[in-house]
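Residue-level structure breakdown
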Amino acid sequence: MKTKLLAIMLSLMLTAGGCASGESAAVTSADKSYSAAEASASMTASEVAANMGIGLNLGNTMEAYPANNCEKITYEWIPVQGNNTPLDYETCWGAVETTQEVIDGIKAEGFDTVRIPVFWGNMMENDGTYTINADYIARVKEIVDYCQNAGLYTVINIHHFDEFIIRRNDLEGCEKIFDNLWTQIADYFKDYPYTLVFEGYNEYLGGSQFDSNGNLVDMPKDKAYELTNALNQTFVDAVRKTGGNNGERVLIVSGYWTNIDLTTSDSFVMPTDTVSDRLMVSVHYVDNSMYWENQIGGKRWLDYIDRQIEELNEAFTSKNIPVFLGETTAYYPKQNFAAGAEHTDSTECLEIVLTKLTENGFVPVIWDTNGGFYSRTEYRINSDSDRELIHHLTAD
């Protein structure tokens, strides 16, 4: 998957900093400093999805971490980065410091949703308690507040830390750890408005685990589905038990690898919930296979997208479960286009994909990193043609 490959590439350039350590202390409920208009507690997931419009990822930012050798069993815990402050981690993959101006610019460009991937293991003590560092969650809160102040739906998840945990623990261990993490996160934000949405995980549900020899080995499919379904249930249960607005908050359940074919299988089971119609499902990249097979812009690409959408509609939309495309392509390089493609311009292809997704009621969130699609220093979409497109698609 594109995000995973990018993280591995970037990790080659990362180095851990000095030996300073940040204090890991039990987090307490966040002070309410948001000003965005609250969505109603009575709104269903489908109604919320209709308001979320087109979104943008704040990628390679709060989910960044010192990732050198993270694919090896010898990577036993998250190294200290720099002076072990939240900003050291936030910027360690090249992002600039996130400010209110950065977020205001996203809203001004027409986006209605910001997804904030978060690596909660940064600054965490390796003491077996998985206690989220108080300074780190406070920094996440600041960025959530920026989004709420700007009137944006805001999505936070567990990103890449799910990989670290799933690789090293059996199902029972994973359930215990993720229940602990989501209880802390949900309790901290339980009084936030319904424009804050929780997404359980990123792309690693059903992923490989270390064997006794330290090799990453794929789980059998039945065991992978068992883990995926169980951890999604753990997420929902953990959030709901914290009370406050979390009793009615819309939650996003993560697909198996966020892969559309695997997630639309009958083996994937949505969690039970204590409230009706408050769950979405997350998958990524409706044209992922065609991207890597260099088939963008051709008939195969168009047909593939339509089939993937049909699968999602049959499995979820028809059952009143909205589809959240947590990551969708921002830019199509020339080398990924099919020979003789009918559509040969990146912006044109982006328009085709976003139009198909929104017309089917899906929530597409463009995957973006610092300075890619959106400039976090100029506070605007970089490409004039992409900018015109997003303004057109998001115009009232």
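You'll find the structure just up there.
In what follows, the accompanying structure is described. (Residues numbered from 1 in each chain as written. Predicted model: local features only at pLDDT ≥ 70, side-chain atom pairs only at ≥ 80, totals over all residues. Heavy atoms only, no water.)

1. Remarks on the sheet that holds strand S9 (residues 323-328)
Reading around the circumference, S1-S2-S3-S4-S7-S8-S9-S10 is the order of the 8 strands in this closed barrel, with parallel pairing throughout. Geometrically, the sheet is characterised by an average inter-axis angle of 25° between neighbouring strands, direction not taken into account. With 4 bridges joining them, strand S2 (residues 113-116) and strand S3 (residues 153-156) adopt parallel strand pairing. Counted as the bridge partner of Arg115 is Val155 from S3. (Pairing = 2+ DSSP bridges. Helix = DSSP H or I, 4+ residues; strand = E, 2+ residues; numbered from the N terminus. Axes fitted to C-alpha atoms, helices over the stretch in contact; angles between N-to-C directions.)

2. Observations concerning the packing of helix H11 (residues 299-315) against helix H12 (residues 346-359)
Relative to each other, H11 and H12 sit at 20°, their axes nearing to 11 Å. Considered as vectors, H11 and H12 are oriented roughly parallel to each other. In this structure, the crossing between H11 and H12 has a hand that is right-handed. In contact with Trp301, Leu302, Ile305, Asp306 and Ile309 of H11, H12 contributes Cys349, Ile352, Val353, Lys356 and Leu357. Within the contact of H11 with H12, the residues separate by chemical class into 8 nonpolar, no polar and 2 charged. (Parallel < 35°, antiparallel > 145°, perpendicular 65-115°, else oblique. Left-handed = near helix turned anticlockwise from the far one by under 90°. Contact = heavy atoms within 4.5 Å. Nonpolar A, V, L, I, M, F, W, Y, C, P; charged D, E, K, R; others polar.)

3. Some thoughts on helix H4 (residues 100-108)
Regarding H4, the residues found buried are Gln100, Val102, Ile103, Gly105 and Ile106. Looking one or two places after H4, you find Gly110, whose phi comes out positive at around 115°. (Buried < 20%, exposed > 50% of the residue type's maximum accessible area, 1.4 Å probe, protein only.)

4. Examining helix H7 (residues 171-188)
Helix length check: H7 (18 residues) gives 26 Å between terminal C-alpha atoms against 26 Å at 1.5 Å per residue, within 8%. Within H7 the residues assigned to the buried category are Gly173, Cys174, Ile177, Phe178, Leu181, Trp182, Gln184, Ile185, Ala186 and Tyr188. Buried-residue contacts for H7 involve helix H5 (134-149), S3, helix H6 (161-168), strand S4 (196-199) and helix H8 (221-240). (Expected span 1.5 Å × (residues − 1).)

5. Some thoughts on the pattern of salt bridges
Scanning the model with the defined rule gives 18 salt bridges in all. Between Asp145 and Lys141 there is a salt bridge, and its shortest N-O distance comes to 2.6 Å. Highlighted residues: Asp145 and Lys141, both in helix H5, separated by 4 residues, approximately one helical turn. Exposure class is identical for Asp145 and Lys141. Each is buried. Close ionic contact of Lys241 with Asp179 constitutes a salt bridge, the shortest N to O distance being 2.9 Å. Taken together, the positions of Lys241 in the loop between H8 and strand S7 (251-254) and Asp179 in helix H7 put the pair 62 residues apart, joining distant regions of the chain. (Salt bridge = Lys/Arg side-chain N within 4 Å of Asp/Glu carboxyl O.)

6. A look at the state of the cysteines
Under the definition given, this model contains 0 disulfides. Take Cys147: it sits in no disulfide, and the sulfur closest to it among the cysteines is that of Cys92, at 20 Å. (Disulfide = S-S within 2.5 Å.)

7. Details of the packing of H7 against H8
Where H7 contacts H8, the axes come no closer than 8 Å and their chain directions differ by 30°. Classified by the interaxial angle, the pair formed by H7 and H8 is roughly parallel. Read as a crossing pair, H7 and H8 show a hand that is right-handed. On H8, the residues touching Leu171, Cys174, Glu175, Phe178, Asp179, Trp182, Thr183 and Ala186 of H7 are Glu226, Leu227, Ala230, Leu231, Thr234, Phe235, Ala238 and Val239.

8. Overview of unusual backbone geometry
Although it is not a glycine, Asn60 adopts a positive phi angle of roughly 55°. Looking at the element boundaries, Asn60 is found in the loop between strand S1 (55-57) and helix H3 (86-90). Positive phi is not limited to glycine here, since Tyr285 has a value of about 55°. Structurally, Tyr285 is set in the loop between strand S8 (279-284) and helix H10 (288-292).

9. Observations regarding the environment of Ala50
Looking at the secondary structure, you find Ala50 in helix H2 (residues 45-52). On the accessibility criterion, Ala50 (63% relative accessible area) is exposed. For the pair Ala50 and Ser346, spaced 296 residues apart in the sequence, the C-alpha separation amounts to 26 Å.

10. Examining the environment of Lys356
Checked against the element boundaries, Lys356 lands in helix H12. Sequence separation of Lys356 and Ile305 is 51 residues, and the distance between their C-alpha atoms is 8.5 Å. When near neighbours in sequence (up to four residues on either side) are disregarded, Lys356 contacts Leu302, Ile305, Asp306 and Ile309.

11. Here we look at the pairing of S8
Across the 6 residues that make up S8, a large majority, 6, are buried. Here S8 shows two buried faces, one formed by Leu279, Val281 and Val283 and the other by Met280, Ser282 and His284. Where S7 and S8 come together, 4 bridges link them in parallel fashion. Paired with Ser254 across the bridge in S8 is Ser282. Bridge analysis of S8 against S9 gives 4 bridges, and the strand direction is parallel. Looking at the pairing, Val281 lines up with Val323 of S9.

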